[in-house]
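Below are the chains, spelled out letter by letter.
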Amino acid sequence: YDYAGDFSEGYASIQMGMLWGYIDKTGKEIIQLQYQSTQAFKGGLAIIKSGEKYGYIDPAGKIIIPLKYDFATMFAEGLALVKLDEKSLYIDKNGTEVLATDYAWLGNLSEGLAPFSLNDKQGYIDKTGRVIIPPKFDNAGYFSEGLACDKIGGKFGYIDKTGKQVIEAKFDDARSFSEGMAEVKTGGKWGFIDKTGKEVIPAVYDYVGAFHEGLARVEKNRKSGFVDKTGKGM
């Protein structure tokens with residue numbers, strides 16, 4: 001193959017020439033090479049592209065949601081964000097349109113809320129389209145573990161689901177919480193804070209990854225390693 005993706009739900013994307021399909025774990029071609037692009041299966045569906053349009057198939061290769069969208073994302077919390085004729089839509093797994101908006105930008109749902117953009121500011125709506133947090137941020141991140149990274153006044157901090165600023169916007173860059181820790185950048189270096197905003201691991205690294213199973217990858221002086229939640233190296 002010219003390209004082979006990771007296995008997900010028993011199948012992997014493959015590419016030969018300009019066409020994409022899927023194989024199973026025996027290497028058998030389950031869905032023939034016919035698409036312009038494919039994505040991994042998740043929740044029993046995968047995004048495929050034919051021509052300039054996107055749709056969704058099941059593991060048998062059956063088209064479940066027609067190839068008619070200009071853009072498509074995987075399902076999150078039962079809904080997928082798609083674009084059709086310049087409109088951002090949420091659809092369910094039957095392809096039924098649940099919500100259509102005219103927002104300049106709309107993100108996927110995460111913990112019941114989705115970021116949106118209006119008049120160059122960002123806020124949050126719920127899955128019914130109701131504005132929960134008005135657009136007042138320069139950047140609105142996805143909620144994770146009850147908090148979302150926001151940017152306001154050129155700096156990053158964190159808000160809760162009421163829109164309250166619970167961790168001051170004082171960082172040069174910041175990412176979502178994972179296992180109670182979030183990566184933040186100060187003075188050109190990365191470190192970690194907890195949900196109170198306390199610096200748990202000092203900002204001394206050139207790069208840090210999110211915590212998974214109690215460890216996070218870090219880089220310093222072109223060397224890589226792992227740290228635990230106390231900052232102890234592994």
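Below you will find a few notes about this structure. (Residues numbered from 1 in each chain as written. Predicted model: local features only at pLDDT ≥ 70, side-chain atom pairs only at ≥ 80, totals over all residues. Heavy atoms only, no water.)

### Section: the overall build of the protein
The helix and strand tally for the protein stands at zero helices and 27 strands. Considering only C-alpha atoms, the protein reaches an extent of 50 × 45 × 25 Å along its principal axes. Burial analysis of the protein (234 residues in total) assigns 43% to the buried set. If you take every contact in the protein between residues at least 6 apart in sequence, the share linking residues at least 24 apart comes to 25%. A total of about 12,100 Å² of accessible surface is found on the protein, and carbon and sulfur atoms cover 50% of it. The centroid of the 30 positive side-chain charges in the protein is displaced by 4 Å from the centroid of its 32 negative side-chain charges. (Helix = DSSP H or I, 4+ residues; strand = E, 2+ residues; numbered from the N terminus. Buried < 20%, exposed > 50% of the residue type's maximum accessible area, 1.4 Å probe, protein only. Contact = heavy atoms within 4.5 Å. Areas by Shrake-Rupley, 256 points an atom, 1.4 Å probe, with all protein chains shown as cover. Lys, Arg positive; Asp, Glu negative; His and termini not counted. Charge placed at Lys NZ, Arg CZ, Asp CG, Glu CD.)

### Observations concerning the environment of Tyr 142
The topology assignment puts Tyr 142 in strand β17 (residues 139-144). Between the C-alpha atoms of Tyr 142 and Val 82, which are 60 residues apart in sequence, the distance is 17 Å. Those residues in contact with Tyr 142 that lie beyond four places of it in its chain are Trp 105, Gly 107, Asn 108, Ser 110, Pro 115, Leu 147, Ala 148 and Ser 176. Within the structure, the side chain of Tyr 142 is placed 3.2 Å from the backbone nitrogen of Asn 108, a separation counted as a polar contact. (Polar contact = N/O pair within 3.5 Å; in protein donor to acceptor, adjacent residues only side chain to side chain.)

### Description of the packing of aromatic side chains
Taken as a whole and judged by the stated rule, the model has eight aromatic pairs. Cluster of aromatic residues (ring-pair linked, three or more members): Tyr 11, Tyr 22 and Phe 41. Across from the ring centre of Phe 75, 5.8 Å away, lies the NZ or CZ of Lys 93, which sits over that ring. Against the face of Trp 190 rests Arg 175, its NZ or CZ located 4.0 Å from the ring centre. (Phe/Tyr/Trp six-rings, centres within 6.5 Å; stacked < 30°, edge-to-face > 60°. Lys NZ or Arg CZ within 6 Å of the ring centre and 35° of its normal.)

### Observations concerning the environment of Ala 80
With respect to the helices and strands, the residue Ala 80 is situated in strand β10 (residues 80-84). As a C-alpha pair, Ala 80 and Lys 93 span 13 residues in sequence and 7.9 Å in three-dimensional space. In this structure Ala 80 touches Tyr 56, Thr 73, Met 74, Phe 75, Leu 89, Tyr 90, Ile 91 and Asn 108, once residues within four positions along its chain are discounted.

### Structural notes on the pattern of salt bridges
According to the stated counting rule, one finds 12 salt bridges in the structure shown. A salt bridge links Lys 121 to Asp 138, with the shortest nitrogen-to-oxygen separation between them at 2.6 Å. Here Lys 121, found in strand β15 (residues 121-125), pairs with Asp 138, found in the loop between β16 (131-137) and β17; they are 17 residues apart in sequence, far enough to count as distant. Relative accessible area serves as the criterion here: at 32%, Asp 138 is assigned to the partly exposed category. (Salt bridge = Lys/Arg side-chain N within 4 Å of Asp/Glu carboxyl O.)

### Brief notes about the nonpolar core
Counting 13 residues, the largest nonpolar core has Tyr 56, Phe 75, Val 82 and Ile 91 as the members making the most contacts within it. Of all elements in the fold, only β7 (53-57), β8 (63-69), β10 and β11 (87-91) reach the threshold of two or more residues within this core. Those residues in contact with Ile 91 that lie beyond four places of it in its chain are Tyr 56, Ile 65, Tyr 69, Phe 75, Gly 78, Leu 79, Ala 80, Val 82, Thr 96, Glu 97 and Val 98. (Core = buried A, V, L, I, M, F, W, Y, C linked by side-chain atoms within 4.5 Å.)

### A look at the sheet that holds strand β4 (residues 29-35)
On the basis of which strands lie adjacent, the open sheet formed by four strands has the order β1-β2-β3-β4 and antiparallel pairing. In this open sheet, the two edge strands, each paired with only one partner strand, are β1 (3-4) and β4. Here strand β2 (residues 11-16) pairs with strand β3 (residues 19-24) via six bridges, running antiparallel. Bridging across to β3, Met 16 finds its partner in Leu 19. (Pairing = 2+ DSSP bridges.)

### So, the sheet that holds strand β14 (residues 114-118)
Sheet architecture is open: four strands sit in the order β13-β14-β15-β16, paired in antiparallel fashion. Looking at strand neighbours, the two that pair on one side only are β13 (105-106) and β16, the edges of this open sheet. Of the strand pairs in this sheet, β15 and β16 are connected by three bridges, and their pairing is antiparallel. Directly across from Tyr 124, in β16, lies its bridge partner Ile 133.

These results come straight from atomic positions and should not be treated as a statement about function.
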